[in-house]
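Observations on the three-dimensional arrangement
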Amino acid sequence: MEPSAAPTVDDARLHEFMGKAVLDMGAMISGPLCVIGERLGLYKAMAGAGPLTSSGLAERSGVAERSVREWLRNQAAGGYVDYDGASDTYSLSPEQAMALADEDSPVYLLGAFDLIASIYADEDKIIEAFQTGEGMGWHEHDKRLFHGTERFFRPGYRAHLTSEWIPALEGVEEKLHSGAKVADIGCGHGASTIIMATAYPRSEFRGFDYHEASIERAREAAGKAGLDGRVSFEVATAKEFPGADYDLVTFFDCLHDMGDPEGAAAHTLAALADDGTAMIVEPFAGDEVDENLNPVGRLYYGASTMVCTPASLSQEVGLALGAQAGEAAIAEVVKRAGFGSLRRAAETPFNLILEARP
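Read on for a plain summary of the structure. Along each chain, residue indices are assigned from 1 in the same order as the chain's sequence is written. At least 70 in pLDDT is required for a residue's local features to be given in this predicted model, at least 80 for side-chain atom pairs to be given and counted, and no such filter applies to totals for whole chains, interfaces and linings, which use all residues. To get the side-chain values, take all heavy atoms of the structure and skip hydrogens and water.

So, the overall build of the chain
Strands here are runs of E lasting at least two residues and helices are runs of H or I lasting at least four, both read from the DSSP assignment and numbered beginning at the N terminus. Secondary structure assignment for the chain yields 14 helices and 9 strands. For a compact globule of 358 residues, the expected C-alpha radius of gyration is about 21 Å, and the chain comes in at 23 Å, within 12% of that figure. Oriented by its inertia axes, the alpha-carbon framework of the chain measures out at about 75 × 65 × 35 Å. Counting every position in the chain, which comprises 358 residues, the buried fraction comes to 47%. Note on contacts: a residue pair qualifies if any of its non-hydrogen atoms lie within 4.5 Å across the two residues. Contacts in the chain between residues at least 24 apart in sequence constitute 66% of all its contacts with a sequence separation of at least 6. Areas reported here follow the Shrake-Rupley algorithm with a probe of radius 1.4 Å; residue values treat only the protein chains shown as occluding. For the chain, the exposed area adds up to about 17,600 Å²; of that, 55% sits on carbon and sulfur atoms. We compute the radius of gyration from the C-alpha atoms alone; for a globule the expected value is 2.2 Å times N to the 0.38, where N is the number of residues. Under the scheme applied here, a residue whose accessible area is under 20% of the maximum for its type counts as buried, over 50% as exposed, and between as partly exposed, the area being computed with a 1.4 Å probe on protein chains only.

Quick look at unusual backbone geometry
The residue Asp253 is not glycine, and still its phi comes out positive at about 50 degrees. Checked against the element boundaries, Asp253 lands in the loop between strand 6 (246-252) and helix 12 (261-271). According to the relative accessible area criterion, Asp253 is buried, its value standing at 8%. With phi around 70 degrees, Val317 is a residue other than glycine that occupies positive phi space.

Re the pattern of salt bridges
In what follows, salt bridge is the name for a side-chain nitrogen of Lys or Arg lying within 4 Å of a carboxyl oxygen of Asp or Glu. The final tally for this structure, using the stated rule, is 19 salt bridges. A salt bridge links Lys239 to Asp260; its shortest N-O distance comes to 2.8 Å. One end of the pair, Lys239, is in the loop between strand 5 (231-235) and strand 6; the other, Asp260, is in the loop between strand 6 and helix 12, and 21 residues separate them in sequence. A relative accessible area of 15% places Asp260 in the buried class. Where Glu262 meets Arg336, a salt bridge forms, and the shortest distance between an N and an O atom there is 2.8 Å. Pair noted here: Glu262 is in helix 12 and Arg336 is in helix 14 (residues 327-336), with a separation of 74 residues, a long-range link.

Describing the packing of aromatic side chains
The description of two aromatic rings rests on the distance between their centres and on the angle between their planes. Planes of paired rings set the category: under 30 degrees apart is stacked, over 60 is edge-to-face and the rest tilted, where pairs are Phe, Tyr or Trp rings (Trp by its six-membered ring) whose centres lie within 6.5 Å. Scanning the entire structure with this criterion turns up 11 aromatic pairs. Ring centres of Tyr157 and Trp165 lie 6.1 Å apart, and the angle between their planes is 75 degrees; this geometry places the pair in the edge-to-face category. In this structure Trp165 comes out as buried when scored by relative accessible area, which is 1%. An aromatic cluster is built from Phe152, Phe153, Tyr157, Trp165, Phe252, Tyr300 and Phe350, whose rings are joined through pairwise contacts. Our definition puts a charge over a ring when NZ of Lys or CZ of Arg is within 6 Å of the ring centre and also within 35 degrees of the ring normal. Across the ring face of Tyr246, the terminal group of Lys181 is positioned such that the distance to the ring centre comes to 5.2 Å.

A word on the packing of helix 1 (residues 11-39) against helix 6 (residues 111-121)
Remark: helix 1 packs on helix 6, axes separated minimally by 9 Å, with the N-to-C direction vectors making an angle of 120 degrees. Classified by the angle between their axes, helix 1 and helix 6 sit oblique to one another. The two elements helix 1 and helix 6 cross, and the hand of that crossing is left-handed. Of helix 6, the residues touching helix 1 (which contributes Met28, Gly31, Cys34 and Val35) are Phe113, Asp114 and Tyr120. Residues are grouped as follows: Ala, Val, Leu, Ile, Met, Phe, Trp, Tyr, Cys and Pro are nonpolar; Asp, Glu, Lys and Arg are charged; every other residue, Gly included, is polar. A per-class count over the contact of helix 1 with helix 6 returns 5 nonpolar, 1 polar and 1 charged. All axes here are fitted lines through C-alpha atoms, helices being fitted over the stretch that makes contact, and every angle between N-to-C directions spans 0 to 180 degrees. Reported orientations rely on four angle classes, namely roughly parallel under 35 degrees, roughly antiparallel over 145, roughly perpendicular from 65 to 115, and oblique for the rest. Handedness of each helix crossing follows the sense of rotation of the near helix against the far helix: counterclockwise by less than a right angle gives left-handed, clockwise gives right-handed.

With respect to the pairing of strand 8 (residues 341-347)
Pairs of strands are assigned from DSSP output, requiring at least two bridges between the strands. For strand 8 and strand 9 (residues 351-357), the ladder comprises 6 bridges, and the chain directions are antiparallel. Bridge pairing in strand 9 places Glu347 opposite Leu352. Following strand 8, the chain reverses through 3 residues before pairing antiparallel with strand 9.

A look at the nonpolar core
We call a set of buried residues a nonpolar core when its members are Ala, Val, Leu, Ile, Met, Phe, Trp, Tyr or Cys and they connect through side-chain atoms within 4.5 Å of each other. Counting residues in each nonpolar core, the largest one holds 35 residues, and the members touching the most others are Trp165, Leu176 and Met279. A total of 5 residues in this core trace back to one element, the largest contributor, which is helix 8 (residues 144-165). When sequence neighbours within four positions are dropped, the list of residues in contact with Leu176 reads Ile166, Val182, Tyr200, Arg202, Ser203, Phe205 and Leu248. Counting 30 residues, the second largest nonpolar core, distinct from the first, contains Ile185, Phe208, Ala278 and Leu342.

As for helix 14
For helix 14, the set of buried residues is Glu327, Ile330, Ala331, Val333 and Val334. Across the axial projection of helix 14, the buried residues extend over an arc of 165 degrees, all falling on one side. Check the buried side of helix 14 and you find it contacts helix 12, strand 7 (272-283), strand 8 and strand 9. Gly338 sits one or two residues past helix 14 and shows a positive phi near 115 degrees. Comment: arc refers to directions from the helix axis out to C-beta atoms.

So, a nonpolar patch on the surface
Residues Met28, Ile116, Tyr120, Leu299 and Phe350 make up a contiguous nonpolar surface patch of about 470 Å² in total accessible area. Among the structural elements, Leu299 can be located in helix 13 (residues 295-313). What goes into a patch is any residue over 30% in relative accessible area without a salt bridge, connected to like charges within 9 Å or, for nonpolar side chains (Val, Leu, Ile, Met, Phe, Trp, Tyr), within 5 Å.

Purely spatial values, then, with no claim about function.
Okay, here's the thing in structure tokens:
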């Protein structure tokens, strides 16, 4: 048999690919520098300060000048800060400051870098999960995952949850204003629960999560927000959370992480009032793979490979929907659980907001 000819290499395509790879390497090595910028307050020191030399930023932030000089050059090369060569100064534009220095901004993104840092710390465990197929529980991850996830999603929840998502649900906002019972499943550190409880003071909110450390953190956050007595947090799984006749049950970016989302949905249906609603917030995704081959899909497929899918595989059933399940897959799950309907109520570039009714 004649040996097959070596494939022809297209130099232009090779150079294009290498350019992408170098861009990715630059992003990967800059990730820890973004974490450093947040932890040392460098971005906040630059916000609103106008042009600064490296010495000026070092003085404002209390760090060593030589280190901050190199940090600034990396940040300028990546477009995270602006550089003026004539004056050898660096500045943070209003747009950059929204994303990097203002934790109350709807586009604040530095929580994502903590989340990503946790994944690198868990590399060996994930490799083992690949080899065994047994998955890896949420609770087994580096603790930065819990804080990073909260801080990644909280700006979007704060910007959209009570102003757009809940009003898009049929009749739910009126109930919340007059006084309703709400269960927030997979509440984590309680960011979503606290946002809703603050906006709807006449309603009762209960947050549930199987992760005890997260529930403890949620209780602390509720106390700091002055919500003691108006909102409660309890350790419970999605298939066993207590209570009945809820007007609203919510799942924020967590249903796809569950080993048995159908079982969770069935328990939710049993816990709802006859005219109750389940709101399922999921990462934005199309129903077909090729619809998700874009920057947002790349981000979510990465998180799904390292966190979401292993979490589901580590539990009973292990359906492993993944973070890019899409609306059709979620609809199939909730309808098999007994819900009568599911519709897309709203969306953002990062989330699908789905309304399930009995």
